[in-house]
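# Fold and geometry: a report
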Amino acid sequence: QVQVVESGGGLVQSGGSLRLSCAASGSIFRIHTMAWHRQAPGKQRELVASITEGGITNYADSVKGRFTISRDNVKNTAYLEMNHLNPDDTAVYYCSCNAVVSFRVDSRDYWGRGTQVTVSS
């Protein structure tokens, strides 16, 4: 199976930056897409950014120009560089990957447990 672990969350002031990391491990044959979602208090989980194995990216309108998603296919790791943070970015950030494991022919979604990002005014 696949394990997904996020890191890099914490407390930051408005206007500051954070870099989140997402490490996938296990019997991975291929990761098609890696993505970051976030869930703010009292709100639904929303897509923040995604990146395909070919490097095609997609961003939520609210983070375009401020956040950058990238991936290292050798390390099976995704990153989310967050700049010009504001309190509206406060949320638990979750990493996911759509992957094929060595004993399956189809792809499935695997999720991490999340990392807290808090932006103070």
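Here we summarise the structure given alongside this text. (Residues numbered from 1 in each chain as written. Predicted model: local features only at pLDDT ≥ 70, side-chain atom pairs only at ≥ 80, totals over all residues. Heavy atoms only, no water.)

## Points about the packing of aromatic side chains
Rules: For this analysis, a ring pair means two rings from Phe, Tyr or Trp (six-membered ring only for Trp) whose centres lie within 6.5 Å, classed as stacked if their planes differ by under 30 degrees, edge-to-face if by over 60, and tilted for the remaining angles. Should the NZ of a Lys or the CZ of an Arg lie within 6 Å of a ring centre and within 35 degrees of the ring normal, that charge is described as sitting over the ring.
Applying the stated criterion across every chain yields a total of zero aromatic pairs. Across from the ring centre of Tyr79, 4.3 Å away, lies the NZ or CZ of Arg19, which sits over that ring. Cation over ring: Arg45 sits above Tyr94, and NZ or CZ is 3.7 Å from the ring centre.

## Quick word on the state of the cysteines
Going by this rule: Note on terminology: pairs of cysteine sulfur atoms within 2.5 Å are recorded as disulfides. The helix and strand labels rest on DSSP assignments: H or I over at least four residues marks a helix, E over at least two residues marks a strand, and numbering proceeds from the N terminus. Only protein chains enter the area calculation, which uses a 1.4 Å probe; residues under 20% of their type maximum are buried, those over 50% are exposed, and those in between are partly exposed.
Using the criterion set out here, one finds one disulfide in the structure. Here Cys22 connects covalently by a disulfide to Cys95, the sulfurs 1.9 Å from one another. Measuring the twist about the S-S bond at about -80°, one finds the Cys22-Cys95 disulfide to be left-handed. Placement of Cys22 in strand β3 (residues 18–26) and of Cys95 in strand β9 (residues 91–101) is noted, with a sequence separation of 73 residues between them. As far as the burial class goes, Cys22 and Cys95 line up, both buried. With no disulfide of its own, Cys97 has Cys22 as its nearest cysteine by sulfur position, at a separation of 6.5 Å. On the basis of relative accessibility, which here comes to 1%, the residue Cys97 falls in the buried class.

## Let's talk about the side chain of His37
Basically, it comes down to this: Whether two residues are in contact is decided by their heavy atoms: any pair within 4.5 Å suffices.
Structurally, the position occupied by His37 is in strand β4 (residues 28–39). According to the relative accessible area criterion, His37 is buried, its value standing at 16%. Not counting the four nearest positions on each side in its chain, His37 is found in contact with Arg45, Glu46, Leu47, Val48, Val92, Tyr93, Tyr94, Ser96 and Trp111.

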